[in-house]
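As a plain string of letters, each chain reads:
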Amino acid sequence: MNLIVQDLAVGYRGREIASGISLQAAAGDCLLICGLNGSGKTTLLRTLAGLLPPVAGSFRANGRVVMVPTRIPRVKGFTVSEFLRLATGAAPADAARAIEQAGLETLADRDISTLSDGQFQRACIATALCRRAAVILLDEPTAFLDYQAKEQILDLLPTLARDTGAAILFTSHDLDAARKIATSEYRLF
């Protein structure tokens, strides 16, 4: 298993938001985390990424856990290749591999400020690939994208999970589309 979560409680500033969270994610899984606004989806991901301490319970990852933030600023003057290398400290070969895995070959030398939102989201996901993550956490990866870009990102996730052996955990409010690609689902109440 790439990730095992046992009876985890998450929250922040001493306030518990969600508890009793137990789940597993294996290599190649795309696990959809769903729930109402305020149910703890983002807090769970931030806890699994090590950005917040658990309130109670435990989790164990078999390898590196990388969270891709929802909004990464686009700074003019950096190509996709440069963005990946600078954002992750990756060697050129690792950045090139991530570009290929994310389907960004034709955009590798383009300035990130000229990319569409969907293209830039692919580049952001590629940062986790550069880090050779065993677990990739994505908080609303299709938020703010048009319909075609949403479909492209959702089509990409199971391919990446299968091809890299990573477990991908992602949140979404677009449940119909997300359920089509998810290998399993965990619901927070």
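Residues numbered from 1 in each chain as written. Predicted model: local features only at pLDDT ≥ 70, side-chain atom pairs only at ≥ 80, totals over all residues. Heavy atoms only, no water.

Caption draft 1: Highlighting the packing of helix α3 (residues 92-101) against helix α4 (residues 117-130). Two elements in contact, α3 and α4, have axes whose closest approach is 9 Å; the angle formed by their N-to-C orientations is 130°. By the angle between their axes, α3 is oblique relative to α4. Between α3 and α4 lies a crossing of right-handed hand. Here Asp-94, Ala-95, Arg-97, Ala-98 and Gln-101 of α3 lie close against α4, whose contacting residues are Ala-126, Leu-129 and Cys-130. Counted by class, the contact of α3 with α4 contains five nonpolar, one polar and two charged residues. (Axes fitted to C-alpha atoms, helices over the stretch in contact; angles between N-to-C directions. Helix = DSSP H or I, 4+ residues; strand = E, 2+ residues; numbered from the N terminus. Parallel < 35°, antiparallel > 145°, perpendicular 65-115°, else oblique. Left-handed = near helix turned anticlockwise from the far one by under 90°. Contact = heavy atoms within 4.5 Å. Nonpolar A, V, L, I, M, F, W, Y, C, P; charged D, E, K, R; others polar.)

Caption draft 2: Broad picture of α3. When α3 is considered as a whole, its buried residues turn out to be Ala-95, Ala-98 and Ile-99. Viewed end-on, α3 has its buried residues packed into an arc of 105°, placing them on one side of the element. What points out from α3, more than 90 degrees from its buried face, is the exposed set Ala-93 and Glu-100. Packing partners of the buried residues in α3 comprise α2 (80-88) and α4. Positive backbone phi, approximately 70°, marks Gly-103, located one or two places after α3. (Buried < 20%, exposed > 50% of the residue type's maximum accessible area, 1.4 Å probe, protein only. Arc of directions from axis to C-beta.)

Caption draft 3: Highlighting the side chain of Asp-111. Within the fold, Asp-111 resides in the loop between α3 and α4. Buried Asp-111, no salt bridge; nearest opposite-charge side chain is Lys-76, N-O distance 6.4 Å. Only 2.7 Å separates the side chain of Asp-111 from the backbone nitrogen of Gly-77, close enough to count as a polar contact. A distance of 2.7 Å separates the side chain of Asp-111 from the side chain of Ser-113, its partner in a polar contact. Excluding its chain neighbours within four sequence positions, the residues that come into contact with Asp-111 are Val-75, Lys-76, Gly-77, Phe-78 and Thr-79. (Lys, Arg positive; Asp, Glu negative; His and termini not counted. Salt bridge = Lys/Arg side-chain N within 4 Å of Asp/Glu carboxyl O. Polar contact = N/O pair within 3.5 Å; in protein donor to acceptor, adjacent residues only side chain to side chain.)

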